[in-house]
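Each chain, written out:
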Amino acid sequence: MQKKTLVLGVIGADVHAVGNRILDYALTEAGFSVVNIGVLATQEEFINAAMETDAQAILVSSLYGHGELDCRGLKEKCVEAGLDDVPLYVGGNLVVGKQDFAVVEEHYKEMGFDRVYPPGTLPDVLIRDLARDLH
Amino acid sequence: MELALLVDFGSTYTKVTVVDLRDEKIMGTAKAFTTVETDIMEGLKQACADLQQKLGFDPLTAKHKVACSSAAGGLKMVAVGLVRELTVEAAKRAALGAGARVLDVFAHRLTASELRRMEILKPDIVLLAGGTDGGNREVIVQNARMLAQSSLQVPIVVAGNKVAAEEVAGLLRGAGLDCRVTENVMPELNKLNVEPARMTIREIFMEKIVSAKGLSKAEQLIDGVLMPTPAAVLNAAMLLAQGTPGEPGIGELVLVDIGGATTDVHSVAKGEPSKAGVMLKGLPEPQAKRTVEGDLGMRYSARALCEAAGPNRFSGVLGDKSCGRLEAFLARVTARPDYLPKDEEEWQLDEGMARVAVELAMERHAGNMEVVYTPFGASYVQYGKDLTPVPHLIGTGGVVVHHREPARILKAAWFDRNNPTSLRPRSPRMWVDREYILAAMGLLGEIAPDTALRISKQCLLEL
Ligand code: B12
């Protein structure tokens, strides 16, 4: 079977690189073809990368607390670019400090994300979900 | 004596150069008007006859006889890709590196009206890219289908998603088109791979474009028209920078060629961040990079140059008084592309235009530093090449060659404290290619690279 392609990156002005590398490693080990656009990634870079590589999913990380601002409008741009079917996943430290995750999740879902993960989510959880979602 | 005759069929002049390979020196040069409209041989024979007068023997008896050409409009191409910043840009760079004039670029699915525009532009070659290997295939296949239906009858270089290549080639060949499949210009996201496409373009140039442009007759007298002139210049720049196994190069360099219609910039430099803590983003740059600015020329595109610059940049360079005379000067030079300034004020205007052309062309060629302000301080991101540490800047083209103090023009290429995000050379040594010899040396590089390199070094005049 052909490998599933995923676009992975850390959105906005965020430079936290360690989690990104771990995810890249874990996903590659799990048999995915990972297109890692690294840190400081703009929304356009996610979209362009997904288009050229025909990605099956876009995985967004945000660690520094400003994810909400950075993620707003990404779904709309995806729709505009013809990527409406490509699911959006987001994880990391999505808001500043500790907040009720149910509220955070709800909020990101309203922004168009298909799956929203709480801080400290292990790669295994993501891999299990991807296997279920992308068949 | 072992002689080489190097011919440059230019848009205006056919220039011939004879080199003695044993003594490693230029024996003579001559030029005559290019006669591609009637018979390309007339101009060549005329130039050779002139040179025979000077040398006392017929240059056509030389052992090696090779040519490059930018006659009959040069090598005209269009590039097609998927995303503008990715495969479209990669395809454009491959075409520029092959010495082509890129008439236009097209992104995503070609529309009927874009196809019509392409038919009107009449490129010599179409470069079709799109999708990383294993990535998007629908768009390149659809674009091949469109090209197959169009009235374009030109060779098509396919340099896109390898998974789609067979289907694409089938569609194009099915329509009777000459289609050459080569490696993807962007095999993985943000990986540039322009060399195979460049080589394929060059092959087609030698096999087909030369005769399509009425140059094949020249091949009765000379061994071959090997490449477009800009590719020869880029060759020379690479030779000069990188050296050969037998002769060291001078190191990284930037070459600016200010012409009547365009300003070309070539850089042979890695361009990695020169400061610590700077993050590199965007499509990687080829080590040998060429850009062509069709709106920055001294004569044919003088008016476009002024528009591109805007009034402020000009008054900054010229002062308000001279600016008043600019309009009349523009009218004069666009009407007569071989016009040379007559008095001091006209020289100043010419110099001013050249400085603006160099500054803008370098701004577009060099990389940029962007400062990303996070709530917690600044981060630095670099797009394109950091040319600040490049040690050599070479100038050529009419205005540089004729000017009393070409350094004043070339300094416009330098790093500017008032525009610190533009990563231009900080304080390079400056050289002039007085004899416009580099195209010929790029050609000679195909025969005797060590010699071509040594002669190039001799011919550059330090300012
Ligand atoms: C190292 C570090 C830094 C380094 C980063 C170095 C580098 N280049 O990577 C430096 C010093 C530069 C730094 C700077 C800042 N940092 Co910092 N940093 C950390 C620290 C200590 C560790 C991060 C880390 O590497 N973790 C290890 C990796 C493996 O974990 P991870 O990044 O969380 O990623 C995993 C999971 O989150 C998950 N995951 C991530 N993305 C996704 C996506 C999906 C879809 C899924 C399913 C899972 C998932 O999987 C990853 C792998 O297991 C954390 C605190 C902490 N202990 O986490 C703070 C922390 C992330 N930083 C923080 C802050 C505030 C900052 C600064 C704003 C500080 C400042 N005032 O300057 C700046 C911001 C700079 C910027 N522009 O980004 C805060 C964020 C607060 C928030 N969100 O509420 C944290 C949480 C510290 C804190 N408790 O306050 N930081």
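Residues numbered from 1 in each chain as written. Chains lettered and ligands numbered in written order. Predicted model: local features only at pLDDT ≥ 70, side-chain atom pairs only at ≥ 80, totals over all residues. Heavy atoms only, no water.

## Side note on the sheet that holds strand β4 (residues 64-69) of chain B
Residues and elements named next belong to chain B. Note the cut-off: Between any two strands, at least two bridges found by DSSP are needed for them to pair. Every helix listed is a DSSP run of H or I at least four residues long, and every strand listed is a run of E at least two residues long, numbered separately from the N terminus. Throughout, an axis means a line fitted to C-alpha atoms (over the contacting stretch in the case of helices), and angles, computed between N-to-C directions, take values from 0 to 180 degrees. Here, two residues are considered to be in contact whenever any of their heavy atoms come within 4.5 Å of each other.
Pairing is mixed in the open sheet, where 5 strands are placed in the order β3-β2-β1-β4-β10. Sheet topology places β3 (25-33) and β10 (224-228) at the edges, where each strand pairs with a single neighbour. On average, each strand axis in the sheet is tilted by 20° relative to the strand beside it, whichever way the strands run. In terms of strand pairing, strand β2 (residues 13-20) meets β3 through 8 bridges, oriented antiparallel. Each bridged residue has a counterpart across the sheet, and for Lys-15 the counterpart in β3 is Lys-31. Set on the sheet, helix α1 (residues 40-55) makes contact with β1 (3-9), β2 and β3; between it and β3 the angle comes to about 140°.

## Section: the layout of surface pockets
Put simply, the rule is: With a 1 Å grid spanning the protein atoms alone, the term cavity applies to any set of points in which a 1.4 Å probe fits but cannot get out, the term pocket to an open set with protein on both sides within 12 Å along at least five of seven lines, and the term lining residue to any residue with an atom within 4 Å of a point. Grid points are joined across faces, edges and corners, and a volume is the space filled by probe spheres set on the points. In this classification, Asp, Glu, Lys and Arg are treated as charged, Ala, Val, Leu, Ile, Met, Phe, Trp, Tyr, Cys and Pro as nonpolar, and every other residue, Gly included, as polar. Note that the domain bounds were set by an automatic or database domain assignment.
Space inside the largest pocket adds up to approximately 1,600 Å³. The wall of the largest pocket is formed by 50 residues, among which Ser-11, Thr-12, Gly-259, Gly-260 and Tyr-436 of chain B lie closest to the centre. The set of elements that each furnish at least two residues to the lining of the largest pocket consists of β2, β3, α7 (229-242), β11 (253-258), β12 (263-268), β14 (288-293), α10 (344-365) and α11 (398-402) of chain B. When its residues are assigned to classes, the lining of the largest pocket shows 21 nonpolar, 17 polar and 12 charged. Its boundaries defined by the atoms lining it, the second largest pocket holds a volume of some 980 Å³. Every residue lining the second largest pocket is counted, 44 residues in all, and those nearest its centre are Glu-89, Lys-92, Arg-93, Glu-285 and Lys-289 of chain B. Of all the elements in the fold, those that place two or more residues in the lining of the second largest pocket are α2 (43-53) of chain A together with α2 (84-97), β6 (101-106), β14 and α10 of chain B. Element by element, the count of residues in the lining of the second largest pocket is highest for α2 of chain B, at 8 residues. Across the lining of the second largest pocket, the residue classes tally to 16 nonpolar, 12 polar and 16 charged. Of the residues that make up the lining of the second largest pocket, three or more belong to each of domain 2 (75-207) and domain 3 (236-462) of chain B.

## Focus: the pattern of salt bridges
Using the following cut-off: The rule for a salt bridge is simple: a side-chain nitrogen of Lys or Arg has to be within 4 Å of a carboxyl oxygen of Asp or Glu.
Enumeration according to the criterion identifies 43 salt bridges over all chains in this entry. Put simply, Arg-325 of chain B and Glu-345 of chain B hold a salt bridge, and the shortest N to O gap is 2.6 Å. Residue Arg-325 of chain B is located in helix α9 (residues 320-335), and its partner Glu-345 of chain B is located in helix α10; the two are separated by 20 residues in the primary sequence. Look at the salt bridges and you will find they share partners, linking Arg-115, Arg-128, Asp-129 and Asp-133 of chain A into a network.

## Comments concerning the site of the ligand
Residue and element names in this part refer to chain A. Formally: Any residue with a heavy atom positioned within 4 Å of a molecule or strand is treated as near that molecule or strand. Definition of a polar contact: a pair of N or O atoms within 3.5 Å, with one able to donate and the other able to accept a hydrogen when the atoms are protein atoms, and with sequence-neighbouring residues admitted only if both atoms are side-chain atoms.
Surveying the vicinity of the ligand reveals 27 residues, the closest of which are Ala-13, His-16, Ala-17, Ser-61 and Gly-97. Between an oxygen atom of the ligand and a main-chain N or O atom of Ala-17, the distance comes to 2.7 Å. Val-95 is positioned with one of its backbone polar atoms (N or O) 3.2 Å from an oxygen atom of the ligand. Secondary structure elements with two or more residues in the shell around the ligand: α1 (18-29), β3 (57-62), β4 (88-92) and α6 (123-133). Of all the elements, α1 adds the most residues to the shell around the ligand, at 4 residues. Residues belonging to the shell around the ligand are distributed by class as follows: 16 nonpolar, 10 polar and 1 charged.

## With respect to the sheet that holds strand β7 (residues 125-128) of chain B
Residue and element names in this part refer to chain B. Taken together, the 5 strands give an open sheet; going across it, the order is β6-β5-β7-β8-β9, and neighbouring strands pair in parallel fashion. Sheet topology places β6 and β9 (179-181) at the edges, where each strand pairs with a single neighbour. For this sheet, the mean inter-axis angle between neighbouring strands, taken without regard to orientation, is 20°. The sheet contact formed by strand β8 (residues 156-158) and β9 spans 3 bridges and is parallel.

## Section: empty space enclosed by the protein
Residues and elements named next belong to chain B. Under the defined criterion, the tally for this structure stands at 2 cavities of 30 Å³ or more. Considering only enclosed or pocket space, the largest cavity measures out at about 60 Å³ in volume. In terms of lining residues, the largest cavity is bounded by Leu-6, Val-7, Asp-8, Lys-15, Val-16, Thr-17, Cys-68, Tyr-436, Ala-439, Ala-440 and Leu-443. Elements that contribute at least two residues to the lining of the largest cavity include exactly β1, β2 and α13 (438-444).

## Looking at the packing of aromatic side chains
Residue and element names in this part refer to chain B. The condition is simple: What counts as a ring pair is set by centres within 6.5 Å for rings of Phe, Tyr and Trp (its six-membered ring), and what kind of pair is set by the plane angle: stacked under 30 degrees, edge-to-face over 60, tilted for all other angles.
For the structure on display, the rule yields 3 aromatic pairs over all chains. Arranged with centres 5.1 Å apart and planes meeting at 25°, the rings of Tyr-13 and Phe-33 form a pair that is stacked. Note that Tyr-13 is positioned in strand β2 and Phe-33 in strand β3, a separation of 20 residues in sequence. Judged by centre distance (6.3 Å) and plane angle (70°), the ring pair of Phe-329 and Tyr-339 falls under edge-to-face. One end of the pair, Phe-329, is in helix α9; the other, Tyr-339, is in the loop between α9 and α10, with 10 residues separating them in the sequence.

## Some points on the domain arrangement of chain B
All names here are of chain B. Filter applied, for reference: Take the accessible area each of two parts loses on contact, using a 1.4 Å probe, and add the two losses: that sum is the buried area.
For chain B, the assigned domains read domain 1 (3-68), domain 2 (75-207) and domain 3 (236-462). Put simply, the middle of domain 1 and the middle of domain 3, counted by C-alpha atoms, are 28 Å apart. Tallying the contact residues gives 17 residues for domain 1 and 16 residues for domain 3. Across the interface of domain 1 and domain 3, roughly 1,200 Å² is buried in total on both sides, 71% from carbon and sulfur atoms. If you sort the residues of domain 1 by the area they bury against domain 3, Leu-6, Glu-24 and Ile-26 come out on top, with a joint share of 42%. The interface formed by domain 1 and domain 3 includes 1 salt bridge. The partner of Arg-454 in a salt bridge is Glu-24, with the nearest N and O atoms 2.7 Å apart. At the boundary of domain 1 and domain 3, one finds 4 residue pairs in polar contact (both at pLDDT 80 or more). Those elements giving two or more residues to the side of domain 1 that touches domain 3 turn out to be β1, β2, β3 and β4.

## Let's talk about the nonpolar core
So the rule is basically this: Grouping buried Ala, Val, Leu, Ile, Met, Phe, Trp, Tyr and Cys residues that are joined through side-chain atoms within 4.5 Å yields what is termed a nonpolar core. When accessible area is computed with a 1.4 Å probe and restricted to protein chains, residues below 20% of their type maximum are described as buried, those above 50% as exposed, and intermediate ones as partly exposed.
Of all hydrophobic cores here, the largest spans 83 residues; its most connected members are Val-7, Ile-58, Val-60, Tyr-108 and Phe-113 of chain A together with Phe-9 and Val-16 of chain B. Of the domains in this structure, domain 1 (3-68) and domain 2 (75-207) of chain B are the two that each give at least three residues to this core. Other than its neighbours up to four places away in sequence, Val-7 of chain A contacts Val-35, Ile-37, Phe-46, Ala-49, Ala-50, Thr-53, Ala-55, Ala-57, Ile-58 and Leu-59 of chain A. Counting residues in each nonpolar core, the second largest holds 40 residues, with Leu-305, Cys-306, Ala-354 and Val-399 of chain B among its members.

## Overview of the packing of α1 of chain A against α6 of chain A
Residue and element names in this part refer to chain A. We apply this condition: If an angle is under 35 degrees, it is roughly parallel; if it is over 145, roughly antiparallel; if it lies from 65 to 115, roughly perpendicular; otherwise it is oblique. Should the near helix be turned anticlockwise from the far one by less than a right angle, the crossing is left-handed, and should it be turned clockwise, the crossing is right-handed.
Packing of α1 against α6 leaves a shortest axis separation of 10 Å and a crossing angle of 45°. When the axis of α1 is compared with that of α6, the two are oblique. Once α1 is placed against α6, the crossing between them reads as right-handed. From α1, Ile-22, Leu-23, Ala-26 and Leu-27 reach across to α6, where they touch Pro-123, Leu-126, Ile-127 and Leu-130.

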